[in-house]
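Spelled out, the chains give:
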Amino acid sequence: MFGLGPATKIYIGVESVDMRKGFDGLYGLVRDRLGEDPMSGHLFLFTNRGRSRLKALVWDGSGLWVCAKRLEKGRFRWPASQDGRRITMRPEELAMLVNGLDVAEARPRKNWLRRLPAA
């Protein structure tokens, strides 16, 4: 099983893709369309035109994983991109996305940092 460490980036392909693509097709999309190295250990996520299916591609050090999810009802709330190719997200945003929540409507709390008194 693969895990997402703190250094793992999550890249979302903004444009829809053909869900018949497998290992080699997704590998090519990551390399050519997203401009990233598919064997970097980062996670790459794609969806179909209807936003009812998604596929993830990730390298775990010994091979590629392709994971898929199909919604029985509804659509994934796919985020929009400013550059039109890809966006990155945090692991908690990925969890929200694959569970059907709208990432754009989520409001992250500001991190609390305890300030020490000046010495």
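*Asks:* Looking at this structure, I do not really get helix H2 (residues 91-98). What am I missing?
*Replies:* Structural remark: α-helix, 3.6 residues per turn; residues separated by three or four positions point the same way. Residues of H2 that are buried include every one of Glu93, Leu94 and Leu97, and no others. Buried positions in H2, seen along its axis, are confined to an arc of 105° and lie on one side of it. Lining the buried residues of H2 we find strand S1 (10-13), strand S2 (43-47) and strand S5 (86-89).

*Asks:* For this particular structure, what's the right way to read helix H1 (residues 23-33)?
*Replies:* Regarding H1, the residues found buried are Leu26, Gly28, Leu29 and Val30. Buried residues along H1 sit in contact with S2, strand S3 (53-59) and strand S4 (64-70). Just downstream of H1 lies Gly35, where phi reads positive at about 70°.

About the criteria used
Residue positions are counted from 1 within each chain, in the order its sequence is given. Owing to the predicted nature of the model, reporting of local features is limited to residues with pLDDT of at least 70; listing and counting of side-chain atom pairs is limited to 80 or more, with chain, interface and lining totals taken over all residues. Neither water nor hydrogens contribute to the side-chain values; these are computed over all heavy atoms in the structure. Think of it in three bands: residues with accessible area under 20% of the maximum for their type are buried, residues over 50% are exposed, and the middle band is partly exposed, with areas taken using a 1.4 Å probe on protein chains only. What counts as a helix is a DSSP run of H or I of at least four residues, what counts as a strand is a run of E of at least two, and both are numbered from the N terminus. This arc describes the spread of directions from the helix axis toward the C-beta atoms. Every residue pair with non-hydrogen atoms within 4.5 Å of one another is taken to be in contact.

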